[in-house]
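Overview (structure and organization)
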Amino acid sequence: MANPGSRRGGSLSIFGEFWTFMRVRKKWWLAPILLTLLLLCVLIVVTEGSAVAPFIYALF
């Protein structure tokens, strides 16, 4: 039986809930922080097995 409060199933519902939280509570300052963290995670995952990896790791 599905949760009556959820509109969508799966992992995308957490992003929808977070978006609603930021919109209702006016927590817009969280968006740049989370976007930066997401971009860093994507950068690390993409360059993990490439020849560019040593140069990326030197930045940190």
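Predicted model, so just to flag it, every value in this text is computed and none were measured. (Residues numbered from 1 in each chain as written. Predicted model: local features only at pLDDT ≥ 70, side-chain atom pairs only at ≥ 80, totals over all residues. Heavy atoms only, no water.)

1. Some thoughts on the overall build of the protein
Check the secondary structure of the protein and you find three helices and zero strands. In sequence order, the protein lays out its α and β elements as α-α-α. Counting across all 60 residues of the protein, residues that qualify as buried make up 8%. Carbon together with sulfur atoms contributes 71% to the accessible area of the protein, which is approximately 5,500 Å² in total. (Helix = DSSP H or I, 4+ residues; strand = E, 2+ residues; numbered from the N terminus. Buried < 20%, exposed > 50% of the residue type's maximum accessible area, 1.4 Å probe, protein only. Areas by Shrake-Rupley, 256 points an atom, 1.4 Å probe, with all protein chains shown as cover.)

2. Thoughts on unusual backbone geometry
With phi around 60°, K26 is a residue other than glycine that occupies positive phi space. Note on placement: K26 falls in the loop between α1 (12–25) and α2 (30–46). The class of K26 is exposed, set by a relative accessible area of 58%.

3. Notes on the packing of aromatic side chains
By the definition in use, this model includes two aromatic pairs. Ring centres of W19 and W28 lie 5.5 Å apart, and the angle between their planes is 65°; on these two criteria the pair is classed as edge-to-face. (Phe/Tyr/Trp six-rings, centres within 6.5 Å; stacked < 30°, edge-to-face > 60°.)

4. Re the confidence of the model for the protein
When pLDDT is low, close inspection of the predicted coordinates is not appropriate. When pLDDT is averaged along the protein, the result is 76, and 78% of the positions lie at 70 or above. The weakest mean pLDDT in the protein belongs to helix α3 (residues 53–59) at 73; the strongest belongs to α2 at 86. (pLDDT = per-residue confidence, 0-100.)

5. Observations regarding a nonpolar patch on the surface
A grouping of F18, F21, W29, I33, L34 and L37 is seen on the molecular surface, where their side chains present a nonpolar patch of about 570 Å² in accessible area. Among the elements of the structure, α1 and α2 are those that each provide at least two residues to the nonpolar patch. Broken down by element, the nonpolar patch gets its largest block of residues, three residues, from α2. Among the secondary structure elements, F21 is positioned in helix α1. Using a relative accessible area of 36% as the deciding quantity, one classes F21 as partly exposed. (Patch = residues over 30% accessible without salt bridge, like charges linked within 9 Å, V, L, I, M, F, W, Y side chains within 5 Å. Salt bridge = Lys/Arg side-chain N within 4 Å of Asp/Glu carboxyl O.)

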